[in-house]
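# Examining the three-dimensional arrangement
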Amino acid sequence: MNLFSLLDQSAARHGDRGAVYHGEQQVHTWLSLRDRALRLAGSLNGLPPGARVAVASENCPQIVELMFGIWAAECVFVPINYKLHPREMEQIVADSGAALVFASPKIGRDLAPLVSAPVELIGSSDYENRCAADLSPVPRNTDPAALAWLFYTSGTTGRSKGAMLSHRNLMAMTLSHLADFDSPDENSSLVHGAPMSHGSGLYVPPYVLRGARQVVPASGAFDPDEFLDLCERHPGCSAFLAPTMVARLVQTGRSRPANLTTIVYGGGPMYVDSLKKAMAAFGPIFVQLYGQGEAPMTITGLRRADHVDAPDAVLGSVGYARSGVDVAVVRPDGRPAGIDEIGEIVCRGDVVMSGYWQNPSATESTLQDGWLHTGDMGSFDAAGYLTLRDRSKDVVISGGSNIYPREVEEVLLEHPAVVEAGVVGAPDEEWGEVVVAFIVGRVSADDLDAHLLQRIARFKRPKRYEFVDELPKNSYGKVLKRELRSRLI
Ligand code: AMP
């Protein structure tokens, strides 16, 4: 099994239809995309199967041909988020032992002096020569367990690690997406708003399998107006967006382009209030995924229909188990937790990674008896909806009670003057930890206290508020709780 077969099938079925677009401009048909990918693979024939090939670029059309070219050569795709600092990129290149790095001209200039692997600029004459090399044969006998993608985690709780994803893992993700969330065809498009190194890129395989267009914004980044314009020009548009990107779409004040049919949001918490605003602005086009690099895009989810007229408890949940995935909540001793009892979320299935690249101790603590320990805390209700609390490391334990920051943040955000809220625990002699809320917004501590007193238990109220201009976020838009905590020590 090799993911290249997805492109092979689409080239046979959809030949001269448009496959890849840069903005509104068609860059490839399915046949020309297949041809370039196989020639790129031919140019990599000096590399042994399993060699890692890194790709560090803003979103660009070439990422699609590189992804399939690297797979056709039976090598491993190692995408690097373009928003990382060159030093962080260098760590990923070194950790993965990449034999070669393809980089955009902008990134390549800074990265080349830092790494020992050769760096080749995407679009350079060397690159174009590769795309004119002899065709590689189509791989027919790749072991389904062979590595396809080294997925470097966003490292919100520590140093970035490489989750090892095989062809089988990504095929399971592909099938689950098509079974649960979306039914694209050759009259559909996947618009890449989020980085193609991560969430958006992971969705390339299901849309390629169904012959849907790959649309890469000309800016290479996420600009809400550009994104909405593209959704007016291309047919049947779907996209994966981080919750912060959805909020930015809503802030444009524009109405939904008729062709925008599906927004999959996830990768971080979407607060109920923001979700309701987004649904009011764009209608019932939202799908939620809960996943992590270790089980790419696929642990639980909420389909479009699940959002319609749903109670807050459902909108605030992360939905139910995805097709082909077993999901459970366990106590610290590994036994299953009861209904509504909070414990660690674990999952298993063909989508789960085989481990972390060259990191047996992290693998051992994360994969136990075939179950992936997500490090997220949550609880199931009687109907099978999972509500995520927080990363286990983010839970605040104050006076022996567990306080889940997400719950306090949800309530703080209901206050009309609160723009952003980040809740963490600060060390405290008397209580062990106390709750501290970082607030963006023009509001007083007294107002917030009065607001909370009417809505949640007294002991969950922050003992302190810190008013700030913005919350620290990583390059994926996730709030950096460890940085907030470090400000309190
Ligand atoms: P990453 O490995 O960088 O993709 O981060 C995965 C983590 O993001 C998960 O373990 C969760 O903590 C968080 N996450 C992913 N999806 C959701 C979601 N739908 N709601 C809340 N948090 C999420």
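Predicted model only: the values in this text are computed from it and were never measured. (Residues numbered from 1 in each chain as written. Predicted model: local features only at pLDDT ≥ 70, side-chain atom pairs only at ≥ 80, totals over all residues. Heavy atoms only, no water.)

## Notes on unusual backbone geometry
We count it as follows: Runs of E in the DSSP output that reach at least two residues are strands. Runs of H or I that reach at least four are helices, and both are numbered from the N terminus. To sort residues, take the accessible area from a 1.4 Å probe on protein chains only and compare it with the maximum for the residue type: under 20% means buried, over 50% means exposed, and anything in between is partly exposed.
A positive phi angle is found at Asp-309, which is not glycine, with a value near 55°. If you trace the backbone, Asp-309 turns up in the loop between helix H13 (304-307) and helix H14 (312-315). Phi angles above zero are rare outside glycine, and Gln-358 is one such case at about 50°. Along the polypeptide, Gln-358 turns up in the loop between strand S17 (343-349) and helix H15 (360-366). With a relative accessible area of 62%, Gln-358 lands in the exposed category.

## Looking at the sheet that holds strand S13 (residues 286-292)
Consider a sheet: its strands pair through backbone hydrogen bonds, and that pairing is either parallel or antiparallel. As a reminder of what qualifies: Strands pair, by our definition, only if DSSP identifies at least two bridges between them. Throughout, a residue-residue contact means that at least one pair of heavy atoms, one from each residue, lies within 4.5 Å. Here the axes come from fitting lines to C-alpha atoms, over the contacting stretch only for helices, and the angles between their N-to-C directions go from 0 to 180 degrees.
Spatial ordering of the open sheet is given by S2-S1-S10-S9-S11-S12-S13-S14-S15, a layout of nine strands whose pairing is mixed. A strand with exactly one partner marks an edge of an open sheet, and here the two such strands are strand S2 (25-29) and strand S15 (320-321). With respect to the sheet, helix H7 (residues 167-180) is in contact with strand S12 (260-266) and strand S14 (295-302), its orientation differing from that of S14 by roughly 20°.

## Some words on the site of the ligand
What counts is decided by this rule: Whether a residue is near a molecule or strand depends on its heavy atoms: if one lies within 4 Å, it is near. Contacts described as polar in this section are N or O atom pairs within 3.5 Å, which, within protein, must combine one atom able to donate a hydrogen with one able to accept it, while residues neighboring in sequence count only if both atoms come from side chains. Think of it as three bins: nonpolar holds Ala, Val, Leu, Ile, Met, Phe, Trp, Tyr, Cys and Pro, charged holds Asp, Glu, Lys and Arg, and polar takes everything else, Gly as well.
Taken together, 17 residues are adjacent to the ligand, and Leu-289, Gln-292, Asp-376, Arg-391 and Lys-478 come closest. One nitrogen or oxygen atom from the side chain of Gln-288 is found 2.9 Å from a nitrogen atom belonging to the ligand. Among the secondary structure elements, those contributing two or more residues to the shell around the ligand are S13 and strand S20 (386-391). For the shell around the ligand, the leading source of residues is S13, giving five residues. The residue inventory of the shell around the ligand, partitioned by class, reads five nonpolar, eight polar and four charged.

## Some remarks on the sheet that holds strand S25 (residues 464-467)
As summarised here, the arrangement of the three strands in space is S23-S24-S25, forming an open sheet in which the pairing is mixed. Every other strand in the sheet has two partners, leaving strand S23 (420-428) and S25 as the edge strands with one partner each. The average undirected angle you get between the axes of adjacent strands in this sheet is 30°. In terms of strand pairing, strand S24 (residues 432-440) meets S25 through four bridges, oriented parallel. Counterpart to Ala-437 in the pairing with S25 is Tyr-465. Here helix H16 (residues 405-413) sits on the sheet and contacts S23, S24 and S25; the angle it forms with S23, its principal contact strand, is near 135°. Across the sheet, helix H17 (residues 445-453) is in contact with S24 and S25; its angle to S25 comes to roughly 130°.

## Remarks on the pairing of S20
Of the pairings in the sheet, the one linking strand S19 (residues 371-380) to S20 comprises four bridges and is antiparallel in character. Considered in S20, the bridge of Gly-378 is made with Leu-388. Between the end of S19 and the start of S20, which pair antiparallel, lie five residues, with Gly-384 showing a positive phi angle near 90°.

## As for the pairing of S12
Note on strand geometry: in a regular strand, side chains alternate between the two faces of the sheet. What counts is decided by this rule: Handedness of a crossover is defined as follows: orient the strands so they point away from the viewer, and if the path from the first strand over the helix to the second runs clockwise, the crossover is right-handed.
Most of S12 is tucked away: six of the seven residues are buried. Alignment of strand S11 (residues 237-241) against S12, held across five bridges, turns out to be parallel. Following the sheet pairing, Ser-238 is matched in S12 by Thr-262. For the crossover that starts at S11, traverses helix H11 (residues 243-251) and ends in the parallel S12, the hand is right-handed. The pairing of S12 with S13 spans four bridges and is classified as parallel.

## Brief notes about the UniProt feature "domain: AMP-binding enzyme C-terminal" (unreviewed entry) in the chain
Counted only if it meets this: UniProt positions are given in the numbering used here, feature names are shortened, and annotations may be inferred rather than shown by experiment.
UniProt records the feature "domain: AMP-binding enzyme C-terminal" (unreviewed entry) for residues 407-478 in the present numbering. As a span, residues 407-478 carries 22% helix and 31% strand, and end to end its C-alpha atoms are 17 Å apart.

## Focus on the pattern of salt bridges
Note the following rule: Any Lys or Arg side-chain nitrogen found within 4 Å of a carboxyl oxygen on Asp or Glu counts as a salt bridge.
If you walk through the whole model with that rule in mind, you get 28 salt bridges. Note that Glu-65 and Arg-36 form a salt bridge whose closest N and O atoms lie 3.0 Å from each other. A residue pair is termed long-range when its members are at least 10 positions apart, and Glu-65 in helix H3 (residues 62-72) and Arg-36 in helix H2 (residues 30-43) qualify at 29 residues. One connected set of salt bridges, linked through shared partners, spans Asp-225, Asp-229, Glu-232 and Arg-254.

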